[in-house]
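Take a look at the letters that make up each chain.
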Amino acid sequence: MRQALAIAESAGGSLDVPVGALVLDPEGQVIGSAGNRREEVADPTAHAEIVALREAAARRRTWRLDGCTLVVTLEPCTMCAGALVLARVARLVFGAYDDKAGAVGSLWDVVRDRRLNHRPEVVGGVLAEECGEVLRRFFAGHR
């Protein structure tokens, strides 16, 4: 999570919300990492999780990320939660909860929906205060 936090904090003066994500392979090696890039690349799907998942899939040369772990500083939204389920990510570790758009228990619970064919293990609230502080600083500076 500290690596994901460093990615989020490196956004610096960016207009993008400072969220950091990384994908670890089953051996614990980073195979994908990114921060939010929606504003930078004018792409509504360029959330940190999506960009990191794309990088990991390209590195593995398959869309299936079996055995991999997605680590992200903010609870994923519905798009990102759906993407990690579709990619067959084994484990999700996230920091701050998102009461406004979180889809891993806060507002919705996409990843635990029994109707889906894959449900990853979830560990939430890891370094939640630190992850939340990065976001609070960002939004305080943009109000």
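Reference entry: report on the structure contained in this document. The structure presented is a predicted model; accordingly, all values stated were derived computationally and were not measured. (Residues numbered from 1 in each chain as written. Predicted model: local features only at pLDDT ≥ 70, side-chain atom pairs only at ≥ 80, totals over all residues. Heavy atoms only, no water.)

1. Some details on the nonpolar core
Buried together is how nonpolar side chains tend to be arranged in soluble globular proteins.
Here's step 1: Ranked by size, the top nonpolar core spans 46 residues in total, and within it Val23, Leu65 and Leu92 carry the most contacts.
Here's step 2: Of all the secondary structure elements, the ones that give two or more residues to this core are helix H1 (2-9), strand E1 (20-24), strand E2 (30-35), helix H3 (48-60), strand E3 (69-74), helix H4 (78-86), strand E4 (91-96) and helix H5 (128-141).
Here's step 3: The greatest single-element share of this core, amounting to seven residues, is contributed by H3.
Here's step 4: If near-sequence neighbours (up to four positions away) are discounted, Leu65 is found in contact with Leu53, Ala56, Ala57, Arg60, Ala87, Arg88, Val89 and Ala90. (Core = buried A, V, L, I, M, F, W, Y, C linked by side-chain atoms within 4.5 Å. Buried < 20%, exposed > 50% of the residue type's maximum accessible area, 1.4 Å probe, protein only. Helix = DSSP H or I, 4+ residues; strand = E, 2+ residues; numbered from the N terminus. Contact = heavy atoms within 4.5 Å.)

2. Points about the sheet that holds E2
Here's step 1: Overall, mixed pairing links the five strands, which are arranged E2-E1-E3-E4-E5 in an open sheet. Looking at which strands have only one partner, the edges of the open sheet turn out to be E2 and strand E5 (121-123). Between one strand axis and the next, the sheet turns through 15° on average, direction left out of account.
Here's step 2: With five bridges connecting them, E1 and E2 associate as antiparallel partners. Within E2, the position partnered with Leu24 by the bridge is Val30.
Here's step 3: Running over the sheet, H5 touches E3 and E4 and is turned about 60° from E4. (Pairing = 2+ DSSP bridges. Axes fitted to C-alpha atoms, helices over the stretch in contact; angles between N-to-C directions.)

3. What to know about the environment of Ile31
Here's step 1: With respect to the helices and strands, Ile31 occurs in strand E2.
Here's step 2: A relative accessible area of 7% places Ile31 in the buried class.
Here's step 3: In sequence terms Ile31 and Ala56 are 25 residues apart; their C-alpha atoms lie 5.0 Å from each other.
Here's step 4: In this view, Ile31 contacts Val23, Leu24, Asp25, Glu55, Ala56, Arg59, Arg60 and Cys68; residues no more than four positions away in its chain are not counted.

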